[in-house]
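Given next are the chains, with one letter for each unit.
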2 protein chains.
Amino acid sequence: MGNVVDTLIDRVYRDALDNHDGEVAGYIPELAAVPADSFGICIATVDGYVYERGDTRSPFTIQSISKPFTYALALADRGRVAVGEKIDVEPSGEPFNEISLDPQTERPRNPMINAGAITAASLVAGADPADRFRRIRAAYSAYAGRELDFNKAVYASEARTGHRNRAIGHMLRSFDIITEDPDDAVDLYFRQCSIDVTCRDLSLMAATLANNGVNPVTSATVLDSDLVEQVLSVMATCGMYDAAGEWLADVGLPAKSGVGGGIVAVLPGQIGIAVYSPRLDRHGNSVRGVQACRALSRELELHFLHVTRASRSSVRARYTVAEAPSRMRRPAAERALLDEVGYHSRVYELHGDLLFAGAEAAVREMANAESFLEAVVIDVRRVDDVGDVAATMLAAARSDLAAQGCGVALVDPDGLLGESASDLTGRGGRVFVDLDSALQWCEDVLLELHGPEADARQQIALSEHPMLAALGEPQRTLLEEVLDTVRFHRDDCIAARGTPPSGLFLILSGRVSSTVTDAHGVVHRIMTLSAGMSFGEMPLILRTPWLHDMRADTEVTAAVLSPQVYDDIAAHRPDLEVALLQRLAAGAYEQLDLALRSVVRSGVGPLR
Amino acid sequence: MGNVVDTLIDRVYRDALDNHDGEVAGYIPELAAVPADSFGICIATVDGYVYERGDTRSPFTIQSISKPFTYALALADRGRVAVGEKIDVEPSGEPFNEISLDPQTERPRNPMINAGAITAASLVAGADPADRFRRIRAAYSAYAGRELDFNKAVYASEARTGHRNRAIGHMLRSFDIITEDPDDAVDLYFRQCSIDVTCRDLSLMAATLANNGVNPVTSATVLDSDLVEQVLSVMATCGMYDAAGEWLADVGLPAKSGVGGGIVAVLPGQIGIAVYSPRLDRHGNSVRGVQACRALSRELELHFLHVTRASRSSVRARYTVAEAPSRMRRPAAERALLDEVGYHSRVYELHGDLLFAGAEAAVREMANAESFLEAVVIDVRRVDDVGDVAATMLAAARSDLAAQGCGVALVDPDGLLGESASDLTGRGGRVFVDLDSALQWCEDVLLELHGPEADARQQIALSEHPMLAALGEPQRTLLEEVLDTVRFHRDDCIAARGTPPSGLFLILSGRVSSTVTDAHGVVHRIMTLSAGMSFGEMPLILRTPWLHDMRADTEVTAAVLSPQVYDDIAAHRPDLEVALLQRLAAGAYEQLDLALRSVVRSGVGPLR
């Protein structure tokens with residue numbers, strides 16, 4: 001299919017193609033000689049794909065679009081404070097080449113006018129002028145992701161005719177904004193303006209800014225993210241000469257234009273745009289460039305103050321462990337107790353990007369319920385990204401809850417909050433890789449607080465096991481005789497996926513989990529079983545390999561009915577086989593019931 | 001717990017409390033008389049919660065903070081074009097009360113300086129001056145969510161001393177920017193500046209702008225979202241007098257300050273901030289207000305050009321129906337065929353906010369795979385929000401794929417893309433409410449394209465049913481005799497959750513789904529069964545009520561073993577009962593296998 005983005009860009013391109021307004025810059029012959037109706041549009045994504053339409057590979061000189069990039073280099077070399085002592089960041093309302101400083105601060109008003117740009121060039125570090133230019137060119141090349149050429153002819157013309165800029169240099173020297181030979185700084189500025197770029201290069205330079213200073217193709221970090229914010233802010237208020245306010249209202253993107261006919265625009269976090277067409281309007285901005293950016297912003301909804309939604313909660317769902325129990329098969333008495341005291345628990349499922357406002361809503365909801373909460377699970381698996389402040393707020397909320405005696409668990413398999421799954425560390429601050437383990441832990445907290453003698457629950461006699469308790473006397477005695485009691489240690493593998501059936505296991509104490517491991521080595525827990533439950537029935541009856549890994553979560557005691565003994569029973573006691581099969585069918589039914597409840601959990605509310 | 005947000009705000013508050021720099025505005029006695037060290041901070045969320053610290057309920061006059069709100073009203077009354085003919089939107093670099101127009105355009109440079117604000121007031125619609133003021137006050141009140149008072153004493157003083165503003169009025173009249181009596185417009189401006197607000201009011205006014213023009217408490221739509229963008233853009237470049245550039249670089253929030261000591265700041269989509277403290281700096285901005293906003297922006301990461309992540313794909317997962325099959329129980333031959341041809345299918349799970357860049361990445365991925373795709377499922381259940389352009393792009397990509405003969409299904413239970421679940425409409429453009437139905441459809445598309453005679457697959461004889469085929473001759477004959485064959489129509493309820501067991505159903509043709517309905521009335525499909533499968537075994541064996549609703553998806557033929565007949569068999573033919581129970585256990589085992597595969601789907605990759 002023709003990619004729909006290409007179609008959108010093509011429409012914008014065609015609409016602007018008829019526009020022949022404006023004049024090519026003519027102050028030096030090299031600029032006057034370019035094909036006036038060249039026109040190219042590029043959009044580069046933050047994963048490094050570039051959409052191109054028109055003349056996107058023809059070189060032209062970068063001119064004033066160099067300003068934010070040299071300013072960025074000066075910031076990186078000298079720091080924000082030192083640069084701020086030399087260059088203000090206020091929109092000037094004056095032409096870009098005005099020979100004046102702010103009357104109050106006696107500094108260039110911003111780095112996007114020539115006085116500020118020459119000052120920025122003077123602040124770039126380097127052993128000598130040649131070294132400094134080498135660093136500037138290397139920096140631009142790193143943004144573009146390829147080695148950029150220097151256009152000697154344009155430089156020679158600029159250097160020959162640039163008296164106004166030399167005047168600005170001497171003015172800067174006379175106010176001690178520049179403390180060295182001002183001609184060196186001005187010469188450096190001429191050179192940086194004479195670097196050749198293509199429309200494609202510019203889009204990748206913009207995408208590097210959009211991508212927080214990391215070149216999306218080479219993955220090189222070109223600029224610290226703090227400084228990206230500063231550079232984009234200045235582009236937003238001062239980038240489009242004296243049309244900056246209208247640009248921001250209409251297009252709503254930090255941008256910079258150059259007299260060579262280029263414009264770059266940045267949508268932070270999303271894309272870099274470049275347009276090239278040499279005819280300029282009275283502000284010195286490319287006519288088709290402005291038209292195309294305006295259309296792209298409108299068509300692609302790129303205005304950076306665009307808000308798509310009215311409001312939305314970061315808390316996707318909240319429920320108790322009574323409403324959505326874990327997949328752990330628990331004795332009926334425990335289940336009933338959990339139904340009764342479940343309101344002391346709360347599971348919060350968060351989603352979306354968690355910035356301040358999202359974290360605030362979640363933390364507020366927890367604080368409101370705090371007085372009756374005993375166990376809380378915070379599930380961040382559906383959260384896309386967490387800001388530092390949001391992480392801090394969630395950490396504070398968790399420790400506040402823990403300080404009140406409330407157990408807190410985090411479900412965070414990707415370590416989004418910077419903490420990894422840890423061993424059992426008591427009731428505060430556990431981290432789980434899956435929701436079900438957290439739910440199970442949450443239930444355990446409630447049972448410990450509200451249940452009768454926890455120890456007694458954990459151990460049953462063989463005759464108390466439901467599998468035997470349901471049988472008549474002679475059948476039970478027979479089974480008791482043929483069952484072997486075995487012990488397993490924590491983390492023992494009781495059965496491995498793919499191995500032959502090894503028996504029916506009746507758990508008398510401890511816990512066993514069934515798990516599968518996927519191709520990425522991630523272990524998924526299917527279910528946890530405890531005293532009074534059984535496993536191994538299906539492989540045994542159907543004589544198929546084990547479908548899961550079965551692993552001891554604790555010390556485990558189990559009574560085992562081996563395949564040989566089962567065959568014996570089937571051959572000689574059909575009544576006992578039917579009784580066993582009925583018990584096993586009942587177990588399968590319970591599992592279906594739990595699966596049902598988990599459907600409800602993934603849905604929107606409790607069953608009616 | 002002390003809410004962590006309160007703690008954060010408290011720290012910012014305490015840090016600024018020691019700052020006694022600056023002077024209270026003294027040009028009229030009413031302003032000079034306020035308590036100079038009053039200090040309040042409010043943060044209002046887009047769901048209407050207000051954090052408050054300090055003097056947040058004391059009234060003071062709104063002064064220049066009125067400007068964006070009157071400008072908004074003028075935009076709503078007259079439209080952007082008409083207002084744009086009267087007021088520019090360029091930062092001025094001049095004091096706010098300059099008696100001058102832009103020399104080129106002969107218009108006030110922006111609506112945040114007095115000349116622009118008076119012009120905006122003159123553009124508010126109304127029968128007469130009193131009516132226009134009534135409308136202004138009503139508008140401000142709608143932003144604040146309560147009826148705001150008019151401070152007559154401040155108004156009287158302003159009116160008595162406001163010669164400079166009268167001069168501006170006459171200048172505007174002489175340039176035909178104002179076409180009526182300029183004193184009326186200036187008087188209206190004095191009145192709007194004299195409306196009393198509290199810090200809390202201002203935070204809600206800001207939150208209304210943050211919330212796309214909808215008051216988060218009253219839910220009243222106060223301003224069209226298009227105009228919100230325009231107002232915020234102007235606040236971003238011109239809101240903080242001649243410190244706008246520095247403000248944007250440091251704080252990075254559209255804002256407006258007033259000589260009464262208030263500042264409002266807006267983080268679009270997230271929060272509204274208001275600070276009140278009367279001492280002003282040399283720009284006319286509240287000293288503590290600026291300090292507090294700067295600290296809040298830094299501490300809460302509110303800079304609107306802040307990018308938290310480098311880059312992230314909007315495509316959360318992509319896989320084939322061979323890697324993650326539907327929960328539909330299919331005959332082994334179909335399953336094998338799907339394993340073989342599954343690579344012609346692709347499921348794309350999208351997530352996050354889908355704006356241009358996110359939709360672009362998804363559409364690009366589809367276009368790249370297009371040449372070998374026959375069935376595609378696009379799952380947008382984890383997408384938080386979709387911009388108009390993203391919706392258009394996905395629609396275009398879907399119709400492009402369909403035009404190439406590829407089946408396309410959308411999983412969109414919330415109608416995020418503006419389409420609701422429709423009936424079967426062929427292989428292009430179906431919409432499903434759950435992923436599993438879409439997977440099942442996707443498998444059907446592949447089976448139809450690659451499988452042998454589809455019709456033959458759909459119907460089996462009773463003797464071919466696996467339940468009978470697995471039995472020996474005399475047992476099978478016996479069962480065939482006691483089974484009744486029944487027909488159901490599409491959408492018939494075959495069994496209802498909670499009703500007593502009604503038999504074992506062996507499906508001979510058609511499809512049956514098991515579903516549950518949650519408390520919100522949402523129907524969750526558990527599994528779909530087809531010819532050769534059975535249901536009803538568990539209720540029958542355990543004599544418990546039906547756990548699911550069973551519903552005919554198509555015309556269905558089934559053979560039924562009633563509870564009475566089953567009891568008969570159990571009483572007289574234990575060999576047959578064991579054989580049946582073994583078959584049923586095998587069925588349960590198959591279900592577990594499918595459940596396992598669905599665990600893998602919710603995870604990260606195929607099983608190893």
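Since we're looking at a predicted model, the values are computed, not measured. (Residues numbered from 1 in each chain as written. Chains lettered and ligands numbered in written order. Predicted model: local features only at pLDDT ≥ 70, side-chain atom pairs only at ≥ 80, totals over all residues. Heavy atoms only, no water.)

S.K.: Please provide a residue-by-residue account of the overall build of chain A, values included.
M.R.: Across its full length, chain A holds 23 helices and 20 strands. Computed over the C-alpha atoms, the radius of gyration of chain A is 35 Å, more than 25% above the 25 Å expected from 2.2 N^0.38 for a compact globule of 608 residues. Overall, chain A is about 110 × 55 × 50 Å in size when its C-alpha atoms are taken along their principal axes. Within chain A, counting contacts between residues at least 6 apart in sequence, those at least 24 apart form 71% of the total. Accessible area of chain A: about 22200 Å², with a carbon and sulfur share of 49%. Charged side chains of chain A number 57 positive and 85 negative; the gap between the two group centres comes to 3 Å. (Helix = DSSP H or I, 4+ residues; strand = E, 2+ residues; numbered from the N terminus. Rg over C-alpha atoms; globule rule 2.2 N^0.38 Å. Contact = heavy atoms within 4.5 Å. Areas by Shrake-Rupley, 256 points an atom, 1.4 Å probe, with all protein chains shown as cover. Lys, Arg positive; Asp, Glu negative; His and termini not counted. Charge placed at Lys NZ, Arg CZ, Asp CG, Glu CD.)

S.K.: I'd like a description of the UniProt feature "binding site: substrate" (unreviewed entry) in chain A, backed by residues and values.
M.R.: Residue and element names in this part refer to chain A. Residues given the UniProt feature "binding site: substrate" (unreviewed entry) here are Ser64, Asn114, Glu158, Asn165, Tyr189, Tyr241 and Val259. Note that Tyr241 resides in the loop between helix H11 (225–238) and helix H12 (244–250). On the accessibility criterion, Tyr241 (11% relative accessible area) is buried. With respect to the element layout, Val259 can be found in the loop between strand E5 (255–257) and strand E6 (262–267). A relative accessible area of 17% places Val259 in the buried class. In this structure Val259 touches Ala25, Tyr27, Leu31, Gln63, Tyr241 and Leu280, once residues within four positions along its chain are discounted. (UniProt positions renumbered as here; feature names shortened; annotations may be inferred. Buried < 20%, exposed > 50% of the residue type's maximum accessible area, 1.4 Å probe, protein only.)

S.K.: I'd like a rundown of unusual backbone geometry, residues and numbers included.
M.R.: Residue and element names in this part refer to chain A. Even without being glycine, Glu106 reaches a positive phi, approximately 55°. Along the polypeptide, Glu106 turns up in the loop between helix H4 (80–84) and helix H5 (114–123). Since its relative accessible area comes to 42%, Glu106 is described here as partly exposed. Within the chain, Asn212 stands out as a residue other than glycine whose phi angle is a positive 65°. Tracing the backbone shows Asn212 in the loop between helix H10 (199–210) and H11.

S.K.: Now, about the pattern of salt bridges: what can you tell me, with residues and values included?
M.R.: If you walk through the whole model with that rule in mind, you get 58 salt bridges over all chains. Each of Arg330, Glu334, Arg335, Glu443, Asp444 and Arg511 of chain A takes part in a single network of salt bridges with overlapping partners. (Salt bridge = Lys/Arg side-chain N within 4 Å of Asp/Glu carboxyl O.)

S.K.: How would you summarise the domain arrangement of chain A if you had to cite specific residues and measurements?
M.R.: One can read the domain layout of chain A as domain 1 (10–25 + 34–300), domain 2 (315–454) and domain 3 (459–599). If you average the C-alpha positions of domain 1 of chain A and of domain 2 of chain A, the two centres end up 50 Å apart. (Domains from an automatic or database assignment.)

S.K.: Explain the sheet that holds E6 of chain A residue by residue, including any values.
M.R.: All names here are of chain A. Strand order across the open sheet formed by 5 strands is E2-E1-E7-E6-E5, with antiparallel pairing between neighbours. The open sheet has two edge strands with one neighbour each: strand E2 (50–54) and E5. Each strand of the sheet is rotated relative to its neighbour by a mean of 10°, with strand direction disregarded. Note that strand E1 (residues 40–45) and E2 share 5 bridges and pair antiparallel. Looking at E2, one finds that Cys42 is bridged to Glu52. (Pairing = 2+ DSSP bridges. Axes fitted to C-alpha atoms, helices over the stretch in contact; angles between N-to-C directions.)

S.K.: Residue-level account of the pairing of strand E15 (residues 504–509) of chain B, with values.
M.R.: All names here are of chain B. Taken across its 6 residues, E15 has 6 buried, putting it largely inside the fold. As judged from the 5 bridges shared by E15 and strand E20 (residues 556–561), these two strands associate in the antiparallel manner. Directly across from Ile507, in E20, lies its bridge partner Ala558.

S.K.: So what about helix H1 (residues 4–17) of chain A? Which residues, and what values?
M.R.: For H1 of chain A, which comprises 14 residues, the first-to-last C-alpha distance of 20 Å matches the rise-based estimate of 20 Å (1.5 Å per residue) to within 8%. Every buried residue belonging to H1 of chain A is among Val4, Val5, Leu8, Ile9, Asp10, Val12, Tyr13 and Ala16 of chain A, and all of these are buried. Among the structural elements, E1, E2 and helix H13 (287–299) of chain A together with helix H15 (356–369) and helix H16 (388–403) of chain B are those in contact with the buried residues of H1 of chain A. (Expected span 1.5 Å × (residues − 1).)

S.K.: Explain the packing of aromatic side chains to me, and be specific about the residues and the numbers.
M.R.: Counted by the stated rule, this structure contains 25 aromatic pairs over all chains. Measuring from ring centre to ring centre gives 4.7 Å for Tyr13 of chain B and Phe39 of chain B, while their planes differ by 10°; the resulting arrangement is stacked. Here Phe39 of chain B lies in the loop between helix H2 (29–32) and strand E1 (40–45) and Tyr13 of chain B lies in helix H1 (residues 4–17), a separation of 26 residues in the sequence. Feature note: the residues Phe488, Phe505, Phe535 and Trp546 of chain A constitute an aromatic cluster, connected by ring pairs. If you follow Arg53 of chain B out to its NZ or CZ, it ends over the ring of Tyr13 of chain B, 4.2 Å from the centre. (Phe/Tyr/Trp six-rings, centres within 6.5 Å; stacked < 30°, edge-to-face > 60°. Lys NZ or Arg CZ within 6 Å of the ring centre and 35° of its normal.)

S.K.: Go over the packing of helix H3 (residues 66–78) of chain B against helix H9 (residues 182–193) of chain B with me, naming the residues and quoting the values.
M.R.: Residue and element names in this part refer to chain B. Look at H3 against H9: their axes get within 10 Å of each other, and the N-to-C directions meet at 125°. The angle between the axes of H3 and H9 places the two elements in the oblique class. For the pair H3 and H9, the sense of crossing is right-handed. Together, Ser66, Lys67 and Thr70 of H3 and Tyr189, Gln192 and Cys193 of H9 make up the contact between the two elements. Residue composition of the contact of H3 with H9, by class: 2 nonpolar, 3 polar and 1 charged. (Parallel < 35°, antiparallel > 145°, perpendicular 65-115°, else oblique. Left-handed = near helix turned anticlockwise from the far one by under 90°. Nonpolar A, V, L, I, M, F, W, Y, C, P; charged D, E, K, R; others polar.)

S.K.: Residues and numbers for the environment of Leu31 of chain B, please.
M.R.: Residues and elements named next belong to chain B. Assignment of secondary structure puts Leu31 in helix H2. On a C-alpha basis, the gap between Leu31 and Leu305 in space is 36 Å, while along the polypeptide they are 274 residues apart. Setting aside its immediate chain neighbours within four residues, Leu31 contacts Val24, Ala25, Thr61, Gln63, Val259 and Gly260.

S.K.: I'd love a proper account of helix H6 (residues 129–144) of chain B, names of residues and values included.
M.R.: Residues and elements named next belong to chain B. The end-to-end C-alpha separation of H6 is 23 Å, in line with the 22 Å expected for 16 residues at 1.5 Å each. Of all the residues in H6, the buried ones are Asp131, Arg132, Phe133, Ile136, Ala139, Tyr140, Ser141, Tyr143 and Ala144. The inward-facing, buried residues of H6 abut H3, helix H5 (114–123), H9 and helix H10 (199–210). With a side-chain oxygen lying 3.1 Å from the backbone nitrogen of Ala130, the N-terminal cap of H6 falls on Asp128. (Polar contact = N/O pair within 3.5 Å; in protein donor to acceptor, adjacent residues only side chain to side chain.)

S.K.: Which residues make up the environment of Ile87 of chain A, and what values go with them?
M.R.: Residues and elements named next belong to chain A. For Ile87, the position within the fold is in the loop between H4 and H5. Here Ile87 falls in the buried class, since its relative accessible area comes to 2%. As a C-alpha pair, Ile87 and Ala115 span 28 residues in sequence and 8.9 Å in three-dimensional space. When near neighbours in sequence (up to four residues on either side) are disregarded, Ile87 contacts Tyr71, Arg107, Pro108, Asn110, Pro111, Gly116, Thr119, Ala120 and Leu123.

S.K.: An account of the packing of helix H14 (residues 332–341) of chain B against helix H17 (residues 435–450) of chain B is requested, with residue identities and associated values reported.
M.R.: Residues and elements named next belong to chain B. At a minimum axis separation of 10 Å, H14 and H17 run at an interaxial angle of 90°. Judged by the inter-axis angle, H14 sits roughly perpendicular to H17. Two secondary-structure elements touch here, H14 through Glu334, Arg335, Leu337, Leu338 and Val341 and H17 through Glu443, Leu446, Leu447 and His450.

S.K.: Any details on the sheet that holds strand E10 (residues 375–386) of chain A? Residues and values, ideally.
M.R.: Residue and element names in this part refer to chain A. Taken together, 5 strands build an open sheet; the order of strands is E8-E9-E10-E11-E12 and the sheet is mixed. Looking along the sheet, the strands with just one partner apiece sit at the ends: strand E8 (315–319) and strand E12 (430–432). Here the strands of the sheet are splayed against their neighbours by 20° on average, with no regard to which way each runs. Bridge count between E10 and strand E11 (residues 407–411): 5 bridges; the pairing is parallel. Bridge pairing in E11 links Ile378 to Leu410. Lying on the sheet, helix H15 (residues 356–369) is in contact with E8, strand E9 (345–354) and E10; it crosses E9 at an angle near 170°.

S.K.: Give me the nonpolar core: which residues, what numbers.
M.R.: Counting 262 residues, the largest nonpolar core has Ile273 and Leu350 of chain A together with Ile273 and Leu350 of chain B as its most contacted members. Once you skip the residues sitting within four places of it in the chain, Ile273 of chain A turns out to touch Cys42, Ile43, Ser203, Ala206, Leu253, Ile263, Val264, Ala265, Cys293, Leu296 and Leu302 of chain A. Grouped together as the second largest cluster of nonpolar side chains are 46 residues, Ile460, Leu479 and Leu483 of chain A together with Ala559 of chain B included. (Core = buried A, V, L, I, M, F, W, Y, C linked by side-chain atoms within 4.5 Å.)

S.K.: Describe the state of the cysteines, with residues and values.
M.R.: Between two cysteines, a covalent bond joining their sulfur atoms is known as a disulfide. In total, this model carries 0 disulfides over all chains according to the counting rule given. With no disulfide of its own, Cys238 of chain A lies 12 Å from the sulfur of Cys238 of chain B, the closest cysteine sulfur. (Disulfide = S-S within 2.5 Å.)

S.K.: Before we move on, could you go through the side chain of His283 of chain B and cite the residues and values that matter?
M.R.: Residue and element names in this part refer to chain B. Here His283 shows up in the loop between strand E7 (271–276) and helix H13 (287–300). Judged by relative accessible area, His283 falls into the buried class, the value being 16%. Once residues lying within four places of it in the same chain are set aside, the contact partners of His283 are Tyr241, Asp242 and Ala243.

S.K.: Please give an account of the side chain of Ser194 of chain A that cites residues and values.
M.R.: All names here are of chain A. Counting through the fold element by element, Ser194 comes out in the loop between helix H9 (182–193) and strand E4 (196–197). Note on Ser194: relative accessible area 0%, which makes it buried. Only 2.8 Å separates the side chain of Ser194 from the backbone oxygen of Phe190, close enough to count as a polar contact. Apart from the residues lying within four places of it in its own chain, the contact partners of Ser194 are Thr61, Asp149, Phe150, Asn151, Val154, Tyr155 and Glu158.

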